[in-house]
Amino acid sequence: MNRVLLIGLAPKAVDLSDAPIDLDTLKERIAVGNAQVLDAGYDARFCEIDTDVARASEQAHEALRRAADSIGCERPLAFEQ
């Protein structure tokens, strides 16, 4: 099984003022897309980040740690900052 970590902006972080879609519809469509990834056979983890760079970095690092823990990774994973 292929393991993936999908990182994207949190719907609440997106300015939808000029978009032809509302927040609830966007959330629903993201949920459908996430379900399709899982249905396609991927062992997927999903991470929604803020637009603040420092906070987004923390969120992505935490998601990576959780993903590593879920597969029994023996040593900490890190990515360059």
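Note that the structure is a prediction, hence the values are computed from the model and not measured. (Residues numbered from 1 in each chain as written. Predicted model: local features only at pLDDT ≥ 70, side-chain atom pairs only at ≥ 80, totals over all residues. Heavy atoms only, no water.)

A closer look at the overall build of the chain
Secondary structure summary: the chain contains two helices and two strands in total. Secondary structure of the chain in N-to-C order comes out as β-α-β-α. A buried classification covers 20% of the 81 residues belonging to the chain. The contacts in the chain between residues at least 6 apart in sequence include a share of 55% that link residues at least 24 apart. (Helix = DSSP H or I, 4+ residues; strand = E, 2+ residues; numbered from the N terminus. Buried < 20%, exposed > 50% of the residue type's maximum accessible area, 1.4 Å probe, protein only. Contact = heavy atoms within 4.5 Å.)

Considering the environment of L5
Looking at the secondary structure, you find L5 in strand β1 (residues 3-9). Assessed through its relative accessible area of 27%, L5 is described here as partly exposed. With 55 residues separating them in the primary sequence, L5 and A60 have C-alpha atoms 9.4 Å apart. Once residues lying within four places of it in the same chain are set aside, the contact partners of L5 are R45, C47, A63 and L64.

Side note on helix α1 (residues 23-39)
Between the first and last C-alpha of α1 there are 24 Å, a value that for 17 residues agrees with the 24 Å anticipated at 1.5 Å per step. For α1, the N-terminal cap is D22; the gap from its side-chain oxygen to the backbone nitrogen of D24 is 3.1 Å. Positioned one or two residues after α1, G41 has a phi angle of 100°, which is positive. (Expected span 1.5 Å × (residues − 1). Polar contact = N/O pair within 3.5 Å; in protein donor to acceptor, adjacent residues only side chain to side chain.)

Points about the pairing of β1
The pairing of β1 with strand β2 (residues 43-49) spans seven bridges and is classified as parallel. Within β2, the position partnered with L6 by the bridge is F46. Since β1 and β2 lie parallel, the crossover through α1 that links them has a hand, and here it is right-handed. (Pairing = 2+ DSSP bridges. Right-handed = clockwise from strand over helix to strand, strands pointing away.)

Regarding the confidence of the model for the chain
Mean pLDDT over the chain stands at 87; residues scoring 70 or higher make up 89%. Predicted confidence in the chain is weakest over helix α2 (residues 53-70), with a mean pLDDT of 88, and strongest over α1, with 96. (pLDDT = per-residue confidence, 0-100.)

Brief notes about the pattern of salt bridges
Scanning all chains against the criterion turns up six salt bridges. Residue R45 is joined to D43 by a salt bridge in which the shortest nitrogen-to-oxygen separation is 2.6 Å. Overall, R45 belongs to the partly exposed group, its relative accessible area being 28%. One salt bridge connects R66 with E62, and the closest N-O pair in it is separated by 3.8 Å. A residue pair is termed a helical-turn pair when its members lie 3 or 4 positions apart in one helix, as R66 and E62 do in helix α2 at four residues. Taken together, the shared-partner salt bridges connect R3, D43 and R45 into one network. (Salt bridge = Lys/Arg side-chain N within 4 Å of Asp/Glu carboxyl O.)

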